[in-house]
Amino acid sequence: IVFNHLSNLIDLKYDHKGKIALSGKLNIKLFNCLQSIDYYKQVSPKSLGLEWVTQIIVPIINSFSEIPLEDLLNTFSKHFASQIADNIKSTNKILITGGGAYNDYLIQNIKDLTDSEIIIPSSEIIEYKEALIFGFLGVLKDLNINNCYSSVTGAIKDHSSGNIFIPKI
């Protein structure tokens, strides 16, 4: 979300393979600001979403508006890699999916900070994993089976989350 937001500032959908970030420099003041965000000090369970990025990260980006975009992307790459590496609890294999899996610079930064084997799956898994998961969550909702667990999200209790909409034909 953050990489796309920053790339959109220069009319790009994303930073292809992290090449713009690679051309930038680490801004230590921004990096330290990001690393000190209170969220990272919270214990699990916890989760992130667009709302969190909008409320926490975008104002930080706006407060560092004088920094060149390539330096913003570089610094966020280093920050994200640091946070990911800090949360990898083992030296086992780690599967990375989502759009970040295509960001070679981010992946290299993660590899530089962990002894875990980083695995990037096929593009089919990267592209369709979220759709499959949301389809599965929808099936669980339709069956009234819990699909949101407090142990994962920090919700008050386990529950069956979501709404089923039947289109009128």
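Higher on the page you've got the structure.
In this report, the structure presented in the accompanying data block is examined. Predicted, not measured: the structure shown is a model, and the values here were computed from it. (Residues numbered from 1 in each chain as written. Predicted model: local features only at pLDDT ≥ 70, side-chain atom pairs only at ≥ 80, totals over all residues. Heavy atoms only, no water.)

Some thoughts on unusual backbone geometry
Here the phi dihedral of Lys17 falls at roughly 60°; this positive angle occurs in a residue that is not glycine. Looking at the element boundaries, Lys17 is found in the loop between helix 1 (2-8) and helix 2 (19-23). For Lys17, a relative accessible area of 38% gives the class partly exposed. In this structure, Asn144 takes a positive phi of about 55° despite not being glycine. (Helix = DSSP H or I, 4+ residues; strand = E, 2+ residues; numbered from the N terminus. Buried < 20%, exposed > 50% of the residue type's maximum accessible area, 1.4 Å probe, protein only.)

Observations regarding the environment of Tyr128
Turning to its location among the elements, Tyr128 is positioned in helix 7 (residues 123-142). A relative accessible area of 52% means that Tyr128 is categorised as exposed. Between the alpha carbons of Tyr128 and Lys41 there is a distance of 32 Å; along the sequence they are 87 residues apart.

Structural notes on helix 3 (residues 28-35)
Looking only at helix 3, the buried set comprises Leu30, Phe31 and Leu34. All buried residues of helix 3 fall inside an arc of 100° around its axis, so they share one side. Between the side-chain oxygen of the N-cap and the backbone nitrogen of Lys29 there are 3.2 Å, and the N-cap of helix 3 in question is Asn27. (Arc of directions from axis to C-beta. Polar contact = N/O pair within 3.5 Å; in protein donor to acceptor, adjacent residues only side chain to side chain.)

Section: the pattern of salt bridges
Within the structure shown, the criterion is met by two salt bridges. Among the salt bridges present, the one from Lys17 reaches Asp104, with a minimum N-O distance of 3.8 Å. One end of the pair, Lys17, is in the loop between helix 1 and helix 2; the other, Asp104, is in helix 6 (residues 104-113), with 87 residues separating them in the sequence. On the basis of relative accessible area, Asp104 is assigned to the partly exposed category, the value being 41%. (Salt bridge = Lys/Arg side-chain N within 4 Å of Asp/Glu carboxyl O.)

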